[in-house]
Every structure is written in structure tokens, then in C-alpha cells.
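Summary of the model geometry
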Amino acid sequence: MRAAAAFRRFRIRLLAVVLAAGMVVGLPGAGQAVEIDYRVTVDGAGAGPEISDTMYGVFFEDINRAADGGLYAELVQNRSFEYDRVDNAAFTPLTGWAPTAGSASVTVVDDEARLNERNRRYLRLGLPAGVINAGYNSGIRLEQGKTYDFSVWARTDAQAGTPLTVALTDPAGANLAAPLRVQVRGDTWTRYTGSLSARTASITGRLLVSGGGAGTLRLDMVSLFPRDTYKGRANGMRRDLAEKISALRPGFIRFPGGCLVNTGSHYGYEAPDFERRRSYQWKDTIGPVEQRATNANFWGYNQSYGLGYYEMFQFAEDIGAMLLPVVPALVTGCGQNRATDDPALLQRHIQDTLDLIEFANGPADSTWGRVRAQMGHPQPFGLTHLEVGNEENLPDQFFARFTEFRAAIAARYPDVTVISNSGPDDIGATFDRLWQLNRQAGVAMVDEHYYNSPTWFLQNNLRYDGYDRNGPKVFLGEYASLDNRFRNALAEASYLTGAERNADVVRLVSYAPLLANEDYVQWRPDMIWFNNRAVWGSASYEVQKLFMTNVGDGVVPSTSTGSPSTSEPITGAVGLSTWGTAAAYDDVQVTTAAGAELFADDFSGTADRWTNIAGRGSWAVSDGAFVQSDAVAENTMVMAGDPAWRDYDLNVKATKLSGREGFLVGFGVKDSNNYYWWNIGGWNNTQTAVEKAVGGGKEIMVADGTRVETGRAYDVRIQVRGRNVQLFLDGQKWGEFTDNKVLEPFRQVVTRDRATGELIIKVVNAQDAAARTTVELRGVRVERGARVITLQGHPDDVNTQFTSPIAPRESRMDVADTFTHTFPPNSVTFIRVKTR
């Protein structure tokens, strides 16, 4: 009997080895007939790291229309006529607006009659005239019976005044509410208000504002808010979006960026010749909304700053979180990579940061505490953490400036934790240098950012096991697996078990980005999706919510057995590509390890052995070379050879002709989404790296600061042996890596909730096989009944507005000191076990 059982376990594990490559996260060839045996052992009497009360939070950046047209409840688009072609090439000052039929004159003006110096443009109507605003998405959403508050700044030169009619209509002009009538009097700017009650629901509403009589009517800050904002606050948040965020129970909100912080000019708003593309500077975003300066958003639209620092401090307080501000360090990133050398400006930004802390924490009779009190919040907000800079690619320039910020803050506010960063990637020269500088200076906390493939997250669960327990703590401020499918959420869940296990190092964690309006997307994946009428959480949202609402106070030591695995050599064809660059390639040769030729092309004839797998770029043979001539196109990969090739040498001559980057040479190429490439002179020609793409998501294997010269021919050689790769540039060894990380689909962590007396057993089974698991709880007595929360689905499942296949399912189960539970394929399961 014992021998038969052993053979059965061997047969199951042998079959699992055969299927392992295909089972993980629903990769092709997956089957669901197999169960794999695991064992989880929990030291219930033991104590691991304490978990921060604020470990999990959210990162709010105004990307994907997250603010205007998103969380900020304003329903009017371009309310102050400040849109500009600098913000977006398609914008005009009347974007979002249209004149009504029969209007005499409708013009946006910037002259001395403006509302104020920081709100420079206004609408001038030659009467009679009117305008219609279409809001965002399909139009203004109206809920039947709800009240909507209208306001406008207006002035008229008509001595008897001007009758102003405000209406909510459908696209055909039919009224959806009883019109509001206002009499504008006098030729000085005055704010007029009123309300409208929707008698019909609509998602295509329009706001019509028209003036009668004769003369000239001037309008600015034309605004419509639902009265039903989150917590009923004026100038407040869209309720359904705010509730969706609040349901996560975040411990902090990182704000405002991101690339909004470290791009554009660091100089201030100085009318009239102000720089429109400015870094996010907090003093621009407070005070009366009609006095807040406009700005071009890095992501290609306009920022009204209606949702500013005060509103975000208030929102954070409303949902029980702390606001974690990020301020510019006067070094740009996000592809710009410039340092501003202006000592006076640096000191101004340092003082602004000290003023921000006073605005948040100062008494109501302090200079900036008084401003906060005047805005409606006399009590301090209680700021505890502040970050300087974001993803800077110039480590030494950034850190010199960071050091000055840090010293000034420590001298005035020693209890505020000042956070640095490690650049935009999880490895590489910038990452290494910044960590070196941060460690040497004894920085309290370092912000790491990375967006990688599901494979990377499954392979790097142990990342923080080796971090110095006495060094800087980690703020994982931006991360995501590069899609919104359940396979990505599973990989993220697996990774979070490693973050929690290392809670003594990883103190803060936030997925990014938080919000995306489905009609205005600049980045994906995103946690929460919405339009003008609905809000829905992605699969990643459900995973984040499960972890964020079941954190625990401390880690309980636990171990688990691993999955059967096998390691295959790197195989694949070869490729050539460009990214925002024109380049020429010549003398491509592929040989076996023994020197036998597999492929050669000197482009003396045609290029018919090459296939454009990316479907982009302009490739042609020219003067005996293979030339990609489109200097704007990105990822133009062409492929040649056999995807089954292994253990080979690739030689090629590559020359950058023009453009912003270098060139890319592919190996191990399977298709347009699965490959390795050597990106030489990438990231605006600031670094060189080998990237591995799996399912379209990329991760960096090795990197340094090598740049490319235009017009110079480079000899590129790539040597592939098993899973080891060596790379040579002009005959010199550039780098080497071995891609041998274990892709482990079964991960777990256990935490203790002291308030409820429960152990929370968190298990991620990111494979197409069920995990039959024996759980042994040592050193603790447990009650019989346990609560089980499960997320399960197909790896390709995507939550949408209309269907949510990934949603939590609750159940009960019986447990004992030792019990067996089969964790479903492709699942995240939390078991809350009551102890006594």
C-alpha cells in the first residue's frame, strides 16, 4: 500500500513536470486534470515582522483623465476656456463647447477684462448668443430627481442687465430639467449660482448657457456639480469613484505623481509669459478655484487644478488614509532627463516644501496653516511622509538636490519621513547607483517602481528576502503586471505574499495607476475603470482589495513545499528592430556553438527571408543594408530563422541613422510578444539593456549606461548557451546574464489579526492545476469553523463594465490543527482561522 501510494505521488509529480511550463498562469498547453500535492507548515506560536498600519495604499496621478472628467466631480469640460494646443494638438479654447444656432458672436478672449491674472481667458458673447457644453464621454450624466449646482462668473455691459438662461438638455435640445434663469447685472466680475433638478435620467446630457438682449456678455468658470458628491463636499469628489477607492481601505494616497512631478519646467506661474508645461507645484493648486493657474498635463490634456492639494488632503482624511505628497527635485525624468541648475530656484522649491508641511500640519495661526483654515480645515491634517523626486535617471544630480531637501526638512520637521527613489526600473545602472547613494546617506525609505510581465512577478517573489534589514526601508510606490487579465492579477497576488513576508523591509505598497476613464486612456493596466455612468474594478482591483482588507498586524512564520519544475534552454529565431529611430543593419550571421552556419544575410539581394512581425516601420534593402527608415515608429521588429534554434551565436552590424534612440537586436524570438532583445541606446539614448518579453510584458535582465553615436557602425555579437547569454559590442564583452529564476506558481504567507484573534492563511495558486495542500498549524489551538474568501477564474478573464468574472466568493470550511484543502486552479484564497 505504501509503495503504491508513493508510485501514485511520483506519477502525479512526473506528469506535473511535463506540464509545468504550460500550466503556469494559463500558458498554452495547459490542462486542468492534474492535482499537485503541497504542504504548508505554520508556526502559530512564532512571530515574524510587524506589518505597518499603512502598508497598503493607492497612487493617484492625473493620468487617463483621473482628475478632470474622473474623480473630480465637475461635469463641465474646459469650464474656464483655458484649453490650448500646447496641452493637446487637437485642443482649442472652445474644446468641449459649441455655439448655439443664431448666436451673434462667440469668442474666447485674453485681454485686460479677464477674471484675474491666473485665469486669463474668458468667453465673450455678442448678444444674443449661447453655448453648449457636452461634458465628458457621451455627455453629462444626470440621475432622475438629483440636484445639480450651477455657478458662473459673469459681467455685462448692458445697462439694464442681461438675462441668462441655464438649461440641461439632451443632444436634440429637449429639456431634462426646468431651466434656471439668472439676471446678470453690472460690468464687474460677479459669481452667480443656482440649481437644477433632473426630471429625467440621461448619459448624454448637455449644459446650455445663453444670454438674451443686446450688448456684450462675458463668462468664465462655467461650472456644474452634482450636489451628491462624496461626503457632500463642495468642489468635491465623484461619489461612486470615491466609494470604490474607499472600499480598498487604503492607508495612504501617494499624490500627485508620477511624471506630473518630474517633467516640464520647474519655474513658477508668472503671467503673462508663463511656461504652460510645468511640474506639479502645490501652491498653484490651492485657494479659490477661479484663482488656480492652468497647466498642460504631461499625459496630453489640460489640468484645471480644481482637484488640488487641499481637496486631496480632505479626501485622504475622509477615507481614513494619510496623504503622501511627492514634490519636484528639479531633475526631470520620464524621458526628459534634464537637471535644472538654478540655486535660487532650488531654494524656492525647498521653501515651498517646508510651506507644504506647514499647510498640512501647522497651527491655524501659522502662515500656511491659516490658509488651510481659511479653506475650511482649521485642524492639521497630520502629514507624516513626504517624497522628493520621482524616477530620476540622473542619479548624482538628483541625489545632490535630494540631500538639500532632506536636510532642510529634517531641521524643521524631524518627525517627517523623507522618501527618496531608485529610478524607473527594478535593476540597472541607475537603480544600483541610487541605492548606493541612499544606503551611504542613511536615507529612511526608498521608492521602487517597476512594471513587468507576469513571469517576472512569479519569478521574483524572493526579491526582498535578501535586502539589508538595517538599510533603508522600501516603498513599492508603483508596480503592476502589464495587462488587466486575471493572469496578471494572479502574478501580482503571488508577489504580494513576498512583500508581506518581508514587511520589516517593505513598509508601503501601492499599485499603479489607480484610475482610467475608458475613453481617455494613456496607460494600461489600471486598477479602476470608469466612464461617465459606471465604475468597475479590474481583476487587479479585486486582488488588491483582498490583500488591503485582510492585512493583519504581523507575519506568522510559515513554509511551503515547492512545485515541480523543469528548465529548458533559451530557444528562438533572431530579430532586428528600432524604437523612434532610423537604423541600418548588415552582415547578419547565425552559427551553432560548433561554428556551423545556420543563417546569413548580407542584403546583397532581397530581404524576403525576414518577416515584419510587429507590422510597423518602413523596412527596405538600400545600398546593401537592411534599413528601417521611419524615425518615429516604435517597435518595428522583423524576424528571421527558426524559433527552435538554441545554443547559437548571432553577429550583426548595426548603425543608427537618425532619431531619439539606438537600435535593438533580438534573439530567442518566438513572436511579437515573446522574445529577448538587446536594446542598445534605449530610453532616449540614456542606457542599454537586455529586455525579456513574455506575453507583451517586458522585464530588464541586465543594463548599463552605454549610449549610441549616430552614423557609427557597431559590431554586435550575442552568444546563447542554454539559459546563459553573453553580449559583445565591438569585440568587447558588454555583459552577461543567466535566465534561471524559478517560476513558482504556488506561494503563501500567513499573518495574524490581533483584533479578531485570527490567523489569515493567504495562498496563491497561479497555475492550471489544483493544489491539494496539507496545512499544519503548530503551536496554536484553532476553532473548527473558518471563513474562506476565494478569487478564481480563467487566466484570460477581464472585468468590464458589464461582466465581472473575477469577484470574491465567500464560504465556510472546517479546520483543525492539521487539515487538507484543495486550492482551485488559478485562484487566490484567504482562510481566516480563529485561534483560542
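Residues numbered from 1 in each chain as written. Predicted model: local features only at pLDDT ≥ 70, side-chain atom pairs only at ≥ 80, totals over all residues. Heavy atoms only, no water.

Bringing the overall build of the chain into the picture now. When helices and strands are counted, the chain shows eleven helices and 49 strands. For 836 residues, the compact-globule estimate of 2.2 N^0.38 gives 28 Å, and the C-alpha radius of gyration of the chain, at 29 Å, lies within 12% of that figure. Along the first, second and third principal axes, the C-alpha atoms of the chain reach 100 × 80 × 60 Å. The long-range share in the chain, meaning contacts at least 24 apart out of those at least 6 apart in sequence, stands at 72%. Of the roughly 30,700 Å² of accessible surface on the chain, 49% is carried by carbon and sulfur atoms. Separation between the mean location of the 85 positive side-chain charges and that of the 96 negative ones in the chain comes to 6 Å. (Helix = DSSP H or I, 4+ residues; strand = E, 2+ residues; numbered from the N terminus. Rg over C-alpha atoms; globule rule 2.2 N^0.38 Å. Contact = heavy atoms within 4.5 Å. Areas by Shrake-Rupley, 256 points an atom, 1.4 Å probe, with all protein chains shown as cover. Lys, Arg positive; Asp, Glu negative; His and termini not counted. Charge placed at Lys NZ, Arg CZ, Asp CG, Glu CD.)

We now examine the sheet that holds strand S20 (residues 445-452). Here eight strands make up a closed barrel; going around it, the order is S2-S14-S17-S18-S19-S20-S21-S22 and the pairing parallel. Geometrically, the sheet is characterised by an average inter-axis angle of 25° between neighbouring strands, direction not taken into account. Where strand S14 (residues 252-255) lies against strand S17 (residues 322-327), four bridges are found, and the strand directions are parallel. When the bridges of S17 are listed, Arg254 appears paired with Leu324. (Pairing = 2+ DSSP bridges. Axes fitted to C-alpha atoms, helices over the stretch in contact; angles between N-to-C directions.)

Turning to the pattern of salt bridges, a few remarks are in order. This model, assessed by the stated rule, comprises 53 salt bridges. The salt bridge partner of Arg120 is Glu117, with a shortest N-O separation of 2.9 Å. The class of Glu117 is partly exposed, set by a relative accessible area of 42%. Of the charged contacts in the structure, one is a salt bridge between Asp396 and Arg433, with a shortest N-O distance of 2.6 Å. Placement of the pair is Asp396 in helix H6 (residues 395-412) and Arg433 in helix H7 (residues 429-441), with a sequence separation of 37 residues. (Salt bridge = Lys/Arg side-chain N within 4 Å of Asp/Glu carboxyl O. Buried < 20%, exposed > 50% of the residue type's maximum accessible area, 1.4 Å probe, protein only.)

Turning our attention to the state of the cysteines. All told, the structure shown has one disulfide when counted by the stated rule. Two residues, Cys259 and Cys334, share a disulfide whose sulfurs are 2.0 Å apart. Here Cys259 and Cys334 share a disulfide; its torsion about the S-S bond, -90°, makes the bridge left-handed. One end of the pair, Cys259, is in the loop between S14 and strand S15 (295-297); the other, Cys334, is in the loop between S17 and helix H4 (343-361), with 75 residues separating them in the sequence. The exposure class assigned to Cys334 is partly exposed, which follows from its relative accessible area of 21%. (Disulfide = S-S within 2.5 Å.)

The next thing to look at is the packing of aromatic side chains. According to the stated counting rule, one finds 55 aromatic pairs in the structure shown. Relative to Trp97, the ring of Phe81 lies with its centre 5.1 Å away and its plane at 35°, an arrangement referred to as tilted. Within this pair, whereas Phe81 is found in the loop between strand S2 (56-59) and strand S3 (97-99), its partner Trp97 is found in strand S3, the two being separated by 16 residues in sequence. Judged by its relative accessible area of 8%, Trp97 is buried. Above the face of the Tyr520 ring, Arg65 is positioned so that its terminal group lies 5.4 Å from the ring centre. Seen from the ring of Phe728, Arg717 lies directly overhead, with NZ or CZ sitting 4.0 Å from the centre. (Phe/Tyr/Trp six-rings, centres within 6.5 Å; stacked < 30°, edge-to-face > 60°. Lys NZ or Arg CZ within 6 Å of the ring centre and 35° of its normal.)

Right, let's talk about the packing of H4 against H6 for a bit. Close contact between H4 and H6 brings their axes to 10 Å; oriented N to C, the two are set at 40°. Considering their axes alone, H4 and H6 lie oblique with respect to each other. The two elements H4 and H6 meet at a crossing, and its hand is right-handed. The segment H4 lies against H6, with Leu346, Gln347, His349, Ile350, Thr353, Leu354 and Ile357 engaging Arg401, Glu404, Phe405, Ala408, Ile409 and Arg412. In terms of residue class, the contact of H4 with H6 is made up of seven nonpolar, three polar and three charged. (Parallel < 35°, antiparallel > 145°, perpendicular 65-115°, else oblique. Left-handed = near helix turned anticlockwise from the far one by under 90°. Nonpolar A, V, L, I, M, F, W, Y, C, P; charged D, E, K, R; others polar.)

Along strand S10 (residues 180-184), the buried face is formed by Leu180, Val182 and Val184; none of Arg181 and Gln183, which line the opposite face, is buried. Pairing geometry for strand S9 (residues 162-169) and S10, over five bridges, is antiparallel. When the sheet's bridge partners are listed, Thr162 is paired in S10 with Val184.

What follows covers the environment of Phe667. Checked against the element boundaries, Phe667 lands in strand S36 (residues 663-671). Taking relative accessible area as the criterion, Phe667 reaches 0% and is therefore assigned buried. Leave out the neighbours within four places in its chain, and Phe667 touches Ala573, Val574, Tyr648, Tyr675, Tyr676, Trp677, Trp678, Val690, Ile718, Val720, Val725 and Phe737.

Let us look at the confidence of the model for the chain. Of all residues in the chain, 96% attain a pLDDT of 70 or more, and the chain-wide mean is 94. In this model, residues 1-32 is a region of pLDDT below 50 whose contacts with residues beyond four sequence positions or in other chains number 50 contacts. (pLDDT = per-residue confidence, 0-100.)

Attention shifts here to the environment of Trp299. Along the polypeptide, Trp299 turns up in the loop between S15 and strand S16 (301-303). Distance in space between the C-alpha atoms of Trp299 and Asn88 is 9.2 Å, their sequence separation being 211 residues. Residues contacting Trp299, with those up to four places away along its chain left out, are Glu61, Asp62, Ile63, Cys259, Leu260, Gln522 and Trp523. Reaching out from Trp299, the side chain makes a polar contact with the side chain of Glu61 at a distance of 3.1 Å. (Polar contact = N/O pair within 3.5 Å; in protein donor to acceptor, adjacent residues only side chain to side chain.)

Looking now at the side chain of Glu661. Relative to the helices and strands, Glu661 resides in the loop between strand S35 (648-659) and S36. One buried charged residue, Glu661, remains without a salt bridge, the closest side chain of opposite sign being Arg660 at 4.1 Å. Of the polar contacts made by the side chain of Glu661, one reaches the backbone nitrogen of Asn684; its length is 3.1 Å. Residues within four places of Glu661 in sequence aside, it is in contact with Trp579, Gly580, Thr581, Lys656, Gly681, Gly682, Trp683, Asn684 and Asn685.

With that settled, the discussion passes to the packing of H6 against H7. The N-to-C vectors of H6 and H7 enclose an angle of 30°; their axes lie 10 Å apart at closest approach. The angle between H6 and H7 places the two elements in the roughly parallel class. The element H6 and its partner H7 pack so that their crossing is right-handed. Contact with H6, carried on its side by Pro395, Asp396, Phe398, Phe399 and Arg406, involves Thr430, Arg433, Leu434, Leu437, Asn438 and Ala441 of H7 and no other residues of that element.

Further remarks concern the pairing of strand S13 (residues 216-226). Counting buried residues in S13 gives eleven out of eleven residues, a clear majority hidden from the surface. Bridge count between strand S8 (residues 147-156) and S13: eight bridges; the pairing is antiparallel. Across the sheet, residue Arg155 finds its bridge partner in S13, namely Arg218.

In this structure, the amide linkage connecting Gly257 to the following residue, Gly258, adopts the cis form with an omega of 15°. The topology assignment puts Gly258 in the loop between S14 and S15. In this model, Ala512 is joined to Pro513 through a cis peptide bond whose omega is -15°. Examined against the element boundaries, Pro513 turns out to sit in the loop between strand S22 (506-511) and strand S23 (515-517). Here Asn684, not a glycine, exhibits a phi torsion of approximately 60°, which is positive. Relative to the helices and strands, Asn684 is located in helix H11 (residues 682-685).

Spatially, the four strands line up as an open sheet ordered S27-S1-S45-S48, and their pairing is mixed. Each edge of the open sheet is held by one strand with a lone partner, namely strand S27 (558-560) and strand S48 (818-823). In this sheet, adjacent strand axes meet at a mean angle of 20° when their direction is disregarded.

To continue, consider helix H9 (residues 486-501). With 16 residues, H9 ought to run about 22 Å at 1.5 Å a step, and its terminal C-alpha atoms sit 23 Å apart, in line with that. With 15 of its 16 residues buried, H9 lies for the most part within the structure. (Expected span 1.5 Å × (residues − 1).)

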